[in-house]
Structure formats: structure tokens, C-alpha cells
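Residue-level listing of the chains:
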Amino acid sequence: MSEPADTVLVVEDEVPMRRFLRTALGSHGFHVVEAGSIHDAEQAATEAPPDAILLDLGLPDGDGLDLLKRLREWSAAPVIVLSAREREDDKVAALDAGADDYLTKPFGTAELLARIRVALRHARTRRAPDEPVISAGPIQIDQSRHEVTVAGAQVHLTPIEFKLLVTLARHAGKVLTHRQLLREVWGPRSTQTHYLRVHMAALRRKIEADPARPKWLTTEPGIGYRLRDTIDP
Amino acid sequence: MTDDARPDPEALLAQASPRARLKIFFGASPGVGKTFAMLEAARRLIAEGADVVCGVVETHGRSETAALVHGIEQLPRKQVVHRTITLDELDLEAALARKPGVILVDELAHTNAPGVRHAKRWQDVIDLLDAGIDVYTTLNVQHVEGLNDVVAQITGVRVKETVPDAVLERADEIELIDLPPEELLDRLSEGKVYVPDQARRAVDNFFKRGNLLALRELALRRTAERVDRDVQRYRREQRIGAAWPTAERILVAVGPSPGSEKLVRAARRIAEGMHAPWLCVHVEVSDAPPLSTADRDRVEAHLALAESLGAEVVRLAGASVAETLLEFARDRNVTRIVAGKPTHGRWRDFLRGSLLDTLIRRSGDIEIHVIAPSEELPPKRATARADATPIRPYVVAAIAVASATAVGALLDERFDLPDDAMLYLFAIMLAALGGRGPGLLAAGLSVACYDFFFIPPRYTLVVADLRHVMTFAVMFTVGTAMGGLVARLRRAEEASRQRERRTAALLAFTAEAAAAREPADVAAAVVAHVEDVLAAPTSVLVPDDAGGLTASAGLEPLAQQEIAVARWAHEHRKPAGRGTGTLPEARLLAVPLAVGDTSAGVVAVQIDRARRRIDLAPRLFLEAVARQAGVAIERLRLAAEAREQALRAQAEELRSSLLSTVSHDLRTPLAIILGMATGLRESAKPDQIESLDTIVDEAGRLGRILNNLLAITRVESGAEVRREWVPVEELVGSALGRAEETLAGRDVKIEVEPEAAVQVDPILVEQVLLNLLENAAKHTPAGTPVEIHAERKDGGVVMEVSDRGPGLPPGPPTQVFEKFFRGKDVRAAGAGLGLAVCRGIVVAHGGTIEAQPRDGGGATFRVWLPGGTLPPAPEAAA
């Protein structure tokens, strides 16, 4: 990586955890700024706007979610939330509040780096909503012609499935919560998660070679769905 | 009082169930053509194909009526021989056996001959209706019970054959057969109206134009009221809101006077006319002499009549009838009070004060209706009757007079007393302290002794000087007046003493109930105080788990039928037993411990045969105690509930804070270890890679154990699982995604029915699948295949994870699901939690899990969870 190093703001109160993140990111060419509290984080973010933010939700001087909401008022930098597995509700809340992704503790260096790279890539190549052709992995979506091909073969989708796939593809690589998907496809007041599951199951059967072992259209249990754009660890 | 704005649930129920219809052809007097109209209606029904039978129709020998009867199936009459005459009656048994669609029964008010099932024909009609047979019948206005008085006043003839108003109300349809009086009189003179010979004279009085007009008006009004009610019912059925403005509320006060009966009927008519609820009260004056048994029975009869006519009956006690009445009336927003015209002389009002006068003076904006009593019933003075006559005061009276005589004689010898009469007056006053009787006795004895011993000529009863007669009169007057006064004071004192005692008992009880820690304490306090005041064995019954009532306090056991009385009181939240309208013959009085719509139990007071009933004041005390007890028990129940809830909330809070602490404090170091190790591994020397791999693997394993520990805590907390519909395919997909590394190098065969879906918490069930897959990987040689199978079965989905490993360890197959169970194979040592977690999660979802050896080697783990097919989702819902 010869271009100027990306700045990652690490907001985490545990010192050893911060040390690990600093080592892992530093050794892979990122510039790391550390903050141990909401106060420090806000100061650091205003002084030098970061390219990405790693945010632990449990902080000593407040809720990480509040920080996230405030950050989102002025910053579009991708935010990756660090959280424990059984904290699905927190993750969903963070994603709904504008976080880009989450990492479940414990995680390895490779996973961490992959997520940061995806987030950065997305931040750089934000797609216009009316982009005529969207692609993710083998999937090609022609928005103007309402056509979808998987590895060159055309598949027929119902209008809802098409809308669902477009929504996922526009944010390819990123996890979308149930609520975000329902809102995009059914409208702001929809809460019927099982509609989503029904259509998602149908969509998966049309796109995946083996719907029980999906490669592209993956489930994030308790959180939502993700359309992967590359196969990486 | 029911709120008219809200549909009454019982009324709604009644409207829901189809029942036999009663149609009444209603007329103002005989001869208007009711029977004719009924027969015509019957013929129309027959023409429409209905199954109509003629039960009883009196043609009275008229050919036009007979012509109409012809062609309608006739039910044979029942011949009843009564004394010398044979009477034709409706054959109820035959009618019930024939079970026609509609039966014609003329003259609803008819009294049956002795010896048939019911005394009255209307009772036969009720039986027919209950059997599901529609009834057409005829009725004249003067036979309506509630109008009986009015009709008697108009016509001067009191009709003995009456039909209760309730039967009229039961009618689904009332058709008024109206004939102007002139036409009726014409028909009468033409002989077209049947009149029995023996009633000729009465008829001449009855069929006067004025009478007929009044009766016609009565009938029209009665029908109009009925129509009004039908409209009301229609509105209710159609759920038309905007209640009827029944701001009126009528109150009638009754006493032992027979005139009260008329007051009750009058109040009901007024209330009916206004669609207003009405109350009937009896006030017991606390310092008045107790009512005689006959009077008390009459009061109860009047109250019972009012209740049967639809009044709310209330018994009150107070110092003054007028004050108590008015206070109660204001309390209940009564707008009109119905009172009787006084029947006693003016002097009594002058002496005692007039109830009516006080009522009118103090009623404020409450209207007072004054009703004249029936003249045929002269007011009967209620006489107090002393229950037992104590001898002592009389003995005292005799001794006092004897002493006065002795002292008089002694003094008379020494001095010449101006008037020995003073001594006797003193003796009379002393004796009168024992009451009116002893006072009178002393007066009589004094007169005799005074006359005999002191008045010349002495030792004879002859009175020479007429002035002494004056002295005798004074003696008698003093004796009676003093005696009466003392007796009254005594009663007042006794009443206030009793009242004080009850008040004190109630206060003490309230304090004890407030301090009670559990319902049994309240029950014990009830028993203690009620037994003390009422001097009768008392028990408190509370509902038990079996749905019955069991004694919570009180020593005297209750017989089975007495418990039934208590149960009635409990279920209907109304007093029952002796002295009430329900099961009045029972040997106990049961009062529910009612609070609002619930009853916390029953207080039952046993009454022995000698004691006829509990007086009003003690009964009011009993009801007050019951109410207080109900409130106290309800309060304890709510407090216990709140305590339990607080405890649960506390436990839940503790659990979740523990969970998040463990989750955070264990996972953070684990995350650091794993992260550091993976970081190091990237730049490690080859000989270090293996060690770092081990660190990474073990950290991963620790993470998985942690996940399982958290999952089992979550399931075992007993909290309700969150359920959503999830396709099994999706669950299998995400579990496989997470088990990718563990299953590396194995052939995984998947057979999942695409439509199968379960109603579960997806995170927990994914954990089940993951654990089963990891378990398979752990206990089978590397490279052996794993199979996943899922299909719908028995209202759910069965999911199987099978392997080709060494099979299950020896022993019962369920042991593998025990917590911390580990197979013999130490190489694959785990915490022994994985399968226990699976079972915990599955059971929490209401599912089953089992392990089975597999044909051809290996093991199958089978999970069944409730579910089926995903509920359909609309293609476009936006």
C-alpha cells in the first residue's frame, strides 16, 4: 500500500484490547488513533476525521450508541461495532443507527482486517441508487431492464424479490438488518419479519446453487442478511 | 343499578339463544275480541304451513268463534272432577307429548282445577315455552298483577286471578286488541259478549263507560310501555349508543302496615312509566320497641314483593325514619320518594312528629309522591311484645307498696301526715323504674292500700270523699307515664349500648384486619368479632384449589347443604340463607366477603331453630365486617402478588447483570488472546506456528464453551423464548456457515424440505444445530460424513444430524444430554455442555430431542420443534 495510510479511530476502554487492535492494524499499514472514552473519541474525531471507526459499545462514560448517533450527524466514515455474541439487540440498534458492520468478540486479525477493508471500499465507492447495472459476485442486476443473471444465466424474480435483491446488492458486503430491509422493500411501517424470511428463502433458492449452504446470500442470525460481493474469510 | 349505556351481558346471552316465543293478545276488558284475533292469527299460521294445535279455546257458544276453531287440530281437554262438577282443563302432559310448533291457550289468567300439575294456567304456559313450544294466549288488563290495585280502584272489583308481570315481560310480542267502549257496550247489549250468569250483577257495575275508558287507557299504556321497551331492546341489539336518559330513581319505604303493599305496587308503576330503576327500603328505628314476629314477617313479605317486582331491596337502620331515608336517598341519587298518606289521627303526629311532614319539609329537590292506602285495610297498630316477663320488677313493686303502707301506718300513729299519698307516689316511682307493668301494678296496689288503710272510712274500700278519686287518678297517671318513660329510656339505652358495642367491634376488627399478615388472620378476626356480637357460631370459608370452599376459621363444622348455601352466596356475591330471599329455610346466614366483582370468601353464621333470624342492626354489622374483610383479603392478595413480582424482577435483573458481566469480562481477555495470537502467527517462525495455532484453537474452544454457558443460563432462567417463523433451511445454512472450520474435510449431505419452518428463537436453535454438528465432528473420525435431514412431521419439524462414528456410549441414550456428561473418549474432551444446552433449548421451545444408534453404525440426533410451513406472505404489502 503506497498511498497515504488510512486512519482508523479505535474507541475501546480496555487497554489490552486497544493494544491488540493497534498492533494488528498498525502492522498492516493503518494509522491508528486511540480513544478510551466517548469524550476522547469525539475530540479525536473532530481533530482529525478518521477514515474508519472501530467502536466498542460499552464505554465508561456513556453508551457507544449515543456516540454513534452524534458522529453520524456530521461524519460518513464507516463505523464497525465491536460486540459480544449474545448482544444481538445492541448490534441491531447500532446498525439501524448507522453503523456499517459489526465484529463479534472474539475475532481474529484476518477477520478484523477483512471487515475494515470492505467498509473502506464501500465508503469510497458509494453507489448511486439509479446505477443501471449493479453486480455482486456472480450476480448481475440490470435495473432498467429488470433483469437478473447469476453467472450469466437469467433468473426470474417476482417484483418483491427483485426489490429485495437490489436493496441487498446496493449495499453488497454490508449487513442489512431486518428492519432496514423491511423498510426499503415494504415501507416504513412494516414489521412482519416472516414476510422477509419467506421471500428471502425464495430468492435464495433462485440464486444459490445449494440454498442450505448459501455462498452469497448469508444469514446473520438475529440480525439480518448480507449479500457478499467477494468470497473472503 | 345497571347502566343503560352498556349492553347487559345477560341480555346479550338471552338474545343469542333461540327460545320459544310467547304472543299475548291483550285487551282492556272481556268482549273486545281477543280470542277471535288469536284464532285468526292461528289460521294465518296454518295457511303458511305451521304446526298449530288448539290447547284450550273458549268459544262460549258463539258461532263465529266456533267457525274459526273448526279446522284447527284440537287437543283433547283433561276432565277433572272437582266436588260435584266436572271441569275441562288444558291437558299439559298431552300438549308436551304432542309438541306442536304453536299451541293456542286461551285466558292466561285462568286458575286450574285442583289436581292438575299447576295451580295457574300461566304456569302451564311457562312449561310449554320451556319445552320449546310457541304459545299464543289471551289476557285482559285487569288480570295483570302489577295493575291489580289500580283496576280494583277503577272498577270496584278486585280480581283474584292474576298473572305476574314477569310473564307479561317474558312475552315476545303483545298485540293489543282495541275496541272503543261504545262499540263494546253495543256488543254487550246485543249479547255478543259472554258473561257467566252468576256474574250478572257484577257485570253491570263493571261495564260502565267510565270504567271501560279507564281500562282501555291502562291497556294502551301498558302496551305502549312494552313497545318502548322493545325499541330499547332493538337499540341494544343494534348497539345504538347514547343511553336513555334515565336520570330518575324512585324510592319507596315500607313498614309492617299492610298498606305498604299498595305503596310497592304504586312505586313500581311510577318507575315503569319512567323507565327508572327503583329501590325499596325498610328502616328499622334503633330505639323503637322491636317489631313483633308477625310485623317482621309482613315487612319481609313487602320487601320480597318489591324484589319480585324488580326493585333493589335495602334494609337500613337509623335513629329516625325520615332522616335515614333522606340520607340514603341523597346517597343513591333518588329523585322521587313514594310515601303513604297517614292513616292515624292527627294527635299522633302532634305527639310523635309526622314522618310525611318531615319528609316533605326536608326533601329539598327530591319529589315526594303521597299515595292513599287501601280503605279496606285498616291500619293495624304494631304492638310490641316483651319476649319474656321478668318477675323481679313486679315483686319490687309489691314490696315498695307494702313498705309505703307500713311506713305510712307507722308515721300515721305518731304524726298526722298531711297526705300519705306522697309515700305511695314515691313507691310508684320506684316500681316504675322496672317498667310500665310494674308501674301499673304499683299504682293499682297503691290505690287499693291507700284506700283501705288511710282513707276514711278506714279498712274498707269505700271512698267517702270524692276528692280522693283525684289522688287515685294522679297515682295511675304517674305509674303509667313513669313506667313508659323508663321503658323507653331503657330501650334507647340498650340500643345505643348495642350500637356502641358493634361500632367498637367493627373498629377493633378493622384495626386487626389492617394489621393482618395473611388471609387466615383476617378470617380469625372475623370469627372472633362476629361471634362476640351475634353470639352465634360463625365460620369463614375461603375458596380452595379444588374450586370449592373450605373453612379457614371457625370451630363449628358446616353440613353439606349449608356449604351449598355459602357457595351460592360466594358465587353470586349476595347474602343467602336465613332472613334473605335465597334459601331462607337454611340454618345459616352466609354473607360474601365481596369486593367489587370478586368474592374473597364467605362468612357463615349458624342460626339455631329457636332464633328465627338475625335482627337488622346486627345483620348490617355482619355485612360491614364482611365488606371490610373482603377489602383486607384483597389487599393482602395484591400485596403478595406485588411482592412476588418484585422478587421475580429482582432475580431477573441479577441474572441479566451477571450474564453481561460474565460475557464482557471473559470475552474481552479471550478476544485479546485470540487477536494477539492470530497477529503473531502472521510473522511467526515455522516452529512457532503450531503453538500459535493451538492457542487460537483453544481460545476458539473456550469461546464456544462460553457461548454454551450463556445459552444455558438464558434458557434455564425460565424466561419465555422469543418466537418467530424461520425457515429450517436458513437455520441450517447459518449453522453450517459457523461450523465451516469444524467440519472441514468432511462430506456434509443435506436434505432439507424447502417449505419446512419452525416457530422458534432463531439464535438459540441455530446454537442447537451448531452444537450437534460440532458434537458429530468431535466424536467421529476425521473425514467421515455428516448428514442433515429435516422434514415436516406431527405439527412441527423434525431435524436430524447423523454421523458414521462409533455410535452412542453404552448406557441409556438420554444420558448424553445430562449436564457435564462426557463420553469415554477423553481425546475429544469437552465441558460436556453442548448436548445439555441442546436439550435445554429444545425443551424451552416445547420440543423433544433424542439420540439413537444408527443402522450401519454411527448415531442420529433427532430434534422435533413446533412449526410447519411459513405462514403465507403477501407478494406486495407496501
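Residues numbered from 1 in each chain as written. Chains lettered and ligands numbered in written order. Predicted model: local features only at pLDDT ≥ 70, side-chain atom pairs only at ≥ 80, totals over all residues.

1. Observations regarding the overall build of chain B
Secondary structure assignment for chain B yields 26 helices and 25 strands. By residue count, 37% of the 878 residues in chain B fall in the buried class. Relative to all contacts within chain B whose residues are 6 or more apart in sequence, the contacts with residues 24 or more apart total 69%. (Helix = DSSP H or I, 4+ residues; strand = E, 2+ residues; numbered from the N terminus. Buried ≥ 20, exposed ≤ 12 C-beta atoms within 10 Å, placed from the backbone. Contact = placed C-beta atoms within 7 Å.)

2. A look at the overall build of chain A
Each helix and strand in chain A was counted, giving eight helices and 14 strands. Sequence separation of 24 or more characterises 57% of the internal contacts of chain A that already satisfy a separation of 6 or more.

3. Concerning the sheet that holds strand 3 (residues 52-56) of chain A
Residue and element names in this part refer to chain A. Spatially, five strands are ordered 2-1-3-6-7 in an open sheet, and the strand pairing comes out parallel. Where the open sheet ends on each side, the last strands, each with one partner, are strand 2 (31-35) and strand 7 (101-104). Within the sheet, the average angular offset between the axes of one strand and its neighbour, ignoring direction, is 20°. For strand 1 (residues 7-11) and strand 3, the ladder comprises four bridges, and the chain directions are parallel. Along strand 3, the bridge assignment pairs Leu9 with Ile53. Set on the sheet, helix 1 (residues 15-26) makes contact with strand 1, strand 2 and strand 3; between it and strand 2 the angle comes to about 165°. Lying over the sheet, helix 4 (residues 88-96) contacts strand 6 (79-83) and strand 7, oriented at roughly 170° with respect to strand 6. (Pairing = 2+ DSSP bridges. Axes fitted to C-alpha atoms, helices over the stretch in contact; angles between N-to-C directions.)

4. Some words on the nonpolar core
With 74 residues, the main nonpolar core has Leu54(A), Leu55(A), Val79(A), Val81(A) and Ala169(A) as its most contacted residues. The element best represented in this core is helix 8 (residues 193-207) of chain A, accounting for seven residues. Not counting the four nearest positions on each side in its chain, Val79(A) is found in contact with Ile53(A), Leu55(A), Leu68(A), Leu71(A), Ala99(A) and Asp100(A). Grouped together as the second largest cluster of nonpolar side chains are 51 residues, Trp725(B), Val728(B), Ile788(B) and Ala851(B) included. (Core = buried A, V, L, I, M, F, W, Y, C linked by C-beta atoms within 7 Å.)

5. Description of the interface of chain A and chain B
If you look at the interface, chain A gives 40 residues, while chain B gives 42 residues. When residues of the side of chain A that touches chain B are traced back to their parent elements, those giving at least two are helix 1, helix 5 (109-124), helix 6 (159-170), helix 8 and strand 13 (217-220) of chain A. In terms of residues, the side of chain A that touches chain B owes the most to one element, helix 8 of chain A, which gives eight residues. Classifying every residue of the side of chain A that touches chain B by side-chain character gives 18 nonpolar, 14 polar and eight charged. (Nonpolar A, V, L, I, M, F, W, Y, C, P; charged D, E, K, R; others polar.)

6. Concerning the sheet that holds strand 8 (residues 133-136) of chain A
Residues and elements named next belong to chain A. Taken together, four strands build an open sheet; the order of strands is 8-9-10-11 and the sheet is antiparallel. If you trace the sheet from one side to the other, it starts and ends with strand 8 and strand 11 (153-155), each paired once. The mean angle between the axes of side-by-side strands here comes to 25°, regardless of whether they run parallel or antiparallel. The pairing of strand 10 (residues 147-150) with strand 11 spans three bridges and is classified as antiparallel. By the bridge assignment for strand 11, Val148 is matched with Val155.

7. A look at unusual backbone geometry
That bond from Lys105(A) to Pro106(A) is cis: its omega, -5°, falls within 30 degrees of zero. Tracing the backbone through its elements, the reader meets Pro106(A) in the loop between strand 7 and helix 5. Although it is not a glycine, Arg573(B) sits at a positive phi angle of roughly 55°. On the neighbour-count criterion, Arg573(B) (16 C-beta atoms within 10 Å) is partly exposed. Of note in the backbone geometry, Asp794(B) takes a positive phi value of approximately 50° without being a glycine. Along the polypeptide, Asp794(B) turns up in the loop between strand 22 (786-793) and strand 23 (796-803). Classification of Asp794(B) as exposed rests on a count of 10 C-beta atoms within 10 Å.

8. A few points about the packing of helix 17 (residues 421-432) of chain B against helix 19 (residues 467-515) of chain B
All names here are of chain B. In contact at an axis separation of 8 Å, helix 17 and helix 19 are set at 20° when each is read in the N-to-C sense. Here helix 17 is positioned roughly parallel relative to helix 19, judged by the angle of their axes. In this structure, the crossing between helix 17 and helix 19 has a hand that is right-handed. Across the interface between the two elements, Ala421, Tyr424, Leu425, Ile428, Met429 and Ala432 of helix 17 pack against Thr471, Met475, Val478, Gly479, Met482, Gly483 and Val486 of helix 19. Counted by class, the contact of helix 17 with helix 19 contains 10 nonpolar, three polar and no charged residues. (Parallel < 35°, antiparallel > 145°, perpendicular 65-115°, else oblique. Left-handed = near helix turned anticlockwise from the far one by under 90°.)

9. As for the confidence of the model for chain B
All names here are of chain B. Averaged over every residue, the pLDDT of chain B is 79; residues scoring 70 or more account for 86%. Note that residues 9-17 has pLDDT below 50 and, in this model, three contacts with residues that lie over four places away or in other chains. Confidence drops under pLDDT 50 across residues 240-246; counting only partners more than four residues distant or on other chains, this segment forms 10 contacts. (pLDDT = per-residue confidence, 0-100.)

10. Observations regarding the packing of helix 18 (residues 436-454) of chain B against helix 19 of chain B
Residues and elements named next belong to chain B. Following both chains from N to C, one finds helix 18 and helix 19 inclined at 165°, their axes separated by 7 Å at the closest point. Taken together, helix 18 and helix 19 sit at an angle that is classed as roughly antiparallel. Of the two possible hands of crossing, helix 18 and helix 19 adopt the one that is right-handed. Taken together, the residues of helix 19 that come into contact with helix 18 (itself represented by Arg436, Pro438, Gly439, Leu440, Ala442, Ala443, Ser446 and Val447) are Phe472, Met475, Phe476, Gly479, Thr480, Met482, Gly483, Gly484 and Ala487. Among the residues making up the contact of helix 18 with helix 19, the classes are represented as 10 nonpolar, six polar and one charged.

11. A closer look at the pairing of strand 12 (residues 336-340) of chain B
Residues and elements named next belong to chain B. Most of strand 12 sits out of view: five of its five residues are buried. Here strand 12 shows two buried faces, one formed by Arg336, Val338 and Gly340 and the other by Ile337 and Ala339. Here strand 9 (residues 250-253) pairs with strand 12 via three bridges, running parallel. Within strand 12, the position partnered with Ile250 by the bridge is Arg336. Taken together, the five bridges between strand 12 and strand 13 (residues 367-371) define a ladder with parallel strand orientation. When the bridges of strand 13 are listed, Val338 appears paired with His369.

12. A word on helix 5 (residues 121-130) of chain B
All names here are of chain B. Of all the residues in helix 5, the buried ones are Arg121, Trp122, Asp124, Val125, Leu128 and Leu129. Buried residues of helix 5, viewed axially, fall in a sector of 150°; they line one side. The inward-facing, buried residues of helix 5 contact strand 1 (22-27), helix 4 (92-98), strand 6 (102-105), strand 7 (134-140) and helix 7 (165-170). Following helix 5 by one or two positions, Gly132 adopts a phi angle in the positive range, close to 90°. (Arc of directions from axis to C-beta.)

13. Details of the pairing of strand 25 (residues 859-869) of chain B
Looking down a regular strand, the side chains alternate between one sheet face and the other. Residues and elements named next belong to chain B. Pairing geometry for strand 21 (residues 756-760) and strand 25, over three bridges, is antiparallel. Along strand 25, the bridge assignment pairs Val758 with Gly867. Sheet analysis places strand 23 next to strand 25, joined by seven bridges and oriented antiparallel. Paired with Val798 across the two strands is Trp864, which belongs to strand 25.

14. Digging into the environment of Lys208(B)
All names here are of chain B. Considering the arrangement of structural elements, one finds Lys208 in the loop between helix 9 (200-206) and helix 10 (209-237). Look at Lys208 and you get partly exposed, because 15 C-beta atoms sit within 10 Å. On a C-alpha basis, the gap between Lys208 and Pro181 in space is 8.8 Å, while along the polypeptide they are 27 residues apart.

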